Each structure stands twice: as C-alpha cells, then as structure tokens.
Amino acid sequence: MNRIRWIFLIILTLLAGFLLLWPAESRAQAAPFRAVTVSEGLEYPWGLAFLPDGRMLVTERPGRLRLVDRDGKLDPRPIAGVPAVAVVGQGGLLDVALHPAFETNRWVYISYAARGEGGYGTEVARGRLDGHVLRDVTVLFSMRPKTSAGQHFGSRLVFDRKGFLYITLGDRGEMARAQRVDDHAGSVIRLHDDGRVPVDNPFVGVANALPEIFTLGNRNIQGAALHPQTGELWAHEHGPQGGDEINIIRAGVNYGWPVITYGRNYVSGTRIGEGSEKAGLAQPLLQWTPSIAPAGMAFYTGDKFPAWRGNLFVGALRGQMMVRLELDGNRIVREERLLENQLGRIRDVRNGPDGFLYLLTDSAKGRIVRLEPIGSR
C-alpha cells in the first residue's frame, strides 16, 4: 500500500512540474495571450536587462549576475566582478540597467544591499561588461546612514531621456527617516551617469540636506519606468497592509510617507500618521487596498499587442499576478488583473526588444516568462 502511495505522489510531482512548463493561456479583455517559460533555474531573480545582441542579464538576489542567451539557455557561469553583496532579509543583488550608450561604453549598473558602517544599505555600482566579467567597477552611490534593519532596500534603476540616473530606495523599515533631508532612506536619488550630483537637484544648497535626494516620503519603491510620451518617471511603492501607490516622480515632491498613507499598521490595523491627505503632500494616482505588493513596472511599447500599447503593467508579489492599467493622459481609467495564481509571485516586468512582454517569477526556482499573443506562432 505504501509503495502505491509513493508511486502516486511521484506521478503527481511530475505532472505538477509539467504543468508549470506548459503555456498558460489567458483571455484578457484587450488581447488573449499565453505565458511561455523562456528560461528557468534562477534563484530569486530580481532584475532583467536586454543586451543589444538579444541576450539577457538577470540578477539573482543571493548575489549573482547571470547571462541568458536568446534561446533562453542560462549560462552556468555567473558574471565575475560584482561587488560584495549583503544577502540579509529582503536585501541582496537587486536591479540591473544598461547605460543608454551601452553599445559603445559597455557600462552596466547594478543596485544591491551592502554592508558598511552601522549596518546595511543600498548601493549602486557600475562596471564595463567584458565577456563574463565586470571591469573598472566603481561604487557610484552608497546609502547613508546604514542600519541593521533587513527590509525596504528598494530598488530600481532608470535612466531618463537626458541621461540622468534615478535610484529608488526604501525607508529601511524605519518610517520617520523618509521625511528627513539628511537621510537617503525613503527617497528617490538622481545622479549623473558617473555618480556626480546634478546642480539642479531640488536639495542642492539646502542646509544639512543630502544633495542626491530628488524626492521625499517614499516607503519602498520596487517598480519604476519612464512614460513613453511624456518621458516622466512613474513609480509604485509598497504600502503597509494596504495603501500601495502609483506616483509620478517629480523634483522636490514629498509623497507623504509616513505622515499620510492609505495603509494601516500591521496586526493592529490602527491608523498611521495623520490620515490619508494633508496639504503640501502628494496624492497617488492610484492606491491599492488591500495591498497587492507591487513589484516591477513597464509601459508596453511593443508591436505584438497593439491593443496594449501605452498600457502600464505592474507585477504583484502578494497578489501573484500582473495588473494591466489603461491610461487617459496621466489618469488611470481601467484595471485588469491577469495570471492570478498561475505563475506565482511576479518580481519584474519588462518590454522585450522583440515586442513581447517579459516577467520574472520570485522563487527559489525562478523563471523568465514571455507573454505572447495567441496565434503568434
């Protein structure tokens, strides 16, 4: 009897693995599609960048930068030269981005949790990609002060059309820090591509302020993307037990955390701060209560899904889904939830150079998944 039970369990396990690789089809309102596994075997993948030759760079939170070829084959050799990464709590190797002129200068940018005086904090470094090595690696940004907390490191990296680098951060689980101009936590940072501070940053010349700071009052930003028409940076951030937000990131704006929020304290459900609105503090374009734990963000600009062009796509960890948002200018007018409980936690969403959408699943057995319109093969 026990032997029969074991055989049955083995068959179920094999069947579950087979179903994970089978394309999941979805009848979205605007476009039916399937989700196809491109690559697997990644350990908690976090960020994805496409190289000009069609290969992909993928970060794994435990500290490895990986190469995936155009056919989805994962190179067994991690990229060497990555700075020391502190894998602590929610921290580790986080985002990856290419310099806008990567084809000529080969600069790759990575964000990661690092150990330093006082504990841990988010740092950003760049290096020249040479085969399987990052060379000439330099740390461009180091969050201060560092603390022992293990949560809310952020972090996404985005270059705007003028070549400025934006680094999104979290409050490190110490909420009051997000309102301080002498503390990097809970802010968006804006730098030149070589780490210099732009002279027109909003806190340059302000007494006791850190000049890298571009915004205040952000709780934990893990998704950011440029609007394809306006070129403005949009970002979302995690709320506490509700109150996840989408905002347009603008110079010197205070987004309110923790003075105002639509979220509530964990466990007790009590109010945080002074409510959900206050003069001088920005209101979000959209907030989610209950929380979906948003992660990754992309405006779709490809040609494979014409009905989706200009839509905003957001991954979700707690919701284990992808959210499609339709826009009217800067207003979000419609929401559709896709792939619920089909792929697991979605960590990142990216436009592919081939016109498809790509997702990263947040798992010890993480995958790269491509969304294809049904009938495209």
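Note that the structure is a prediction, hence the values are computed from the model and not measured. (Residues numbered from 1 in each chain as written. Predicted model: local features only at pLDDT ≥ 70, side-chain atom pairs only at ≥ 80, totals over all residues. Heavy atoms only, no water.)

K.L.:
Got a minute to help me understand empty space enclosed by the protein in this structure?
P.N.:
Picture a little ball the size of a water molecule; that probe, rolled over the atoms, points out where space is still empty. Within this structure, the stated rule accounts for 1 cavity of 30 Å³ or more. By volume, the largest cavity is sized at about 40 Å³. What lines the largest cavity is Arg219, Glu237, His238, Gly239, Pro240, Gly243, Glu245, Tyr255, Trp257, Ile260 and Thr261. (1 Å grid on protein atoms, 1.4 Å probe; cavity = no way out; pocket = protein on both sides within 12 Å on 5 of 7 lines; lining within 4 Å. Points joined across faces, edges and corners; volume = space filled by probe spheres on them.)

K.L.:
Just to check I follow, could you spell out the pattern of salt bridges for this structure?
P.N.:
Note on pairing: side chains with opposite charge can pair once their charged atoms come close. Under the defined criterion, the tally for this structure stands at 29 salt bridges. Glu326 is the salt-bridge partner of Arg324, the closest N and O atoms lying 2.8 Å from each other. Glu326 matches Arg324 in its accessibility class, with the two residues each being buried. Salt bridges linked by common partners bring Glu43, Glu60, Arg64 and Arg66 together as one network. (Salt bridge = Lys/Arg side-chain N within 4 Å of Asp/Glu carboxyl O. Buried < 20%, exposed > 50% of the residue type's maximum accessible area, 1.4 Å probe, protein only.)

K.L.:
When you look at the sheet that holds strand β17 (residues 286-288) in this model, what are you seeing that I'm missing?
P.N.:
Sheets are built from strands that pair by backbone hydrogen bonding, the pairs being arranged parallel or antiparallel. Ordered by their spatial adjacency, 4 strands build an open sheet running β14-β15-β16-β17, and the pairing between neighbours is antiparallel. Edge positions in the sheet fall to β14 (221-226) and β17, since each has one partner strand and no second. Each strand axis lies, on average, 20° off the axis of its neighbour in the sheet, ignoring direction. Of the strand pairs in this sheet, β14 and strand β15 (residues 233-237) are connected by 5 bridges, and their pairing is antiparallel. Looking across to β15, one finds that Ala224 is bridged to Ala235. (Pairing = 2+ DSSP bridges. Helix = DSSP H or I, 4+ residues; strand = E, 2+ residues; numbered from the N terminus. Axes fitted to C-alpha atoms, helices over the stretch in contact; angles between N-to-C directions.)

K.L.:
Hey, could you run me through the sheet that holds strand β10 (residues 157-159) in this one?
P.N.:
With antiparallel pairing, the 4 strands of this open sheet are ordered in space as β10-β11-β12-β13. The sheet is open, and its two edges are formed by β10 and β13 (213-215), each paired on a single side. The mean angle between the axes of side-by-side strands here comes to 30°, regardless of whether they run parallel or antiparallel. With 4 bridges joining them, strand β11 (residues 165-168) and strand β12 (residues 188-191) adopt antiparallel strand pairing. Counterpart to Ile167 in the pairing with β12 is Ile189.

K.L.:
I would appreciate a short explanation of the side chain of Thr261 in the present structure.
P.N.:
Here Thr261 is to be found in the loop between β16 (244-249) and β17. For Thr261, a relative accessible area of 7% translates into the label buried. Of note is the side chain of Thr261, whose polar atom sits 2.9 Å from the backbone nitrogen of Gly263. Those residues in contact with Thr261, other than ones at most four positions away along the chain, are Pro240, Ile272, Gly275 and Ser276. (Polar contact = N/O pair within 3.5 Å; in protein donor to acceptor, adjacent residues only side chain to side chain. Contact = heavy atoms within 4.5 Å.)

Shape descriptors only; they carry no functional weight alone.
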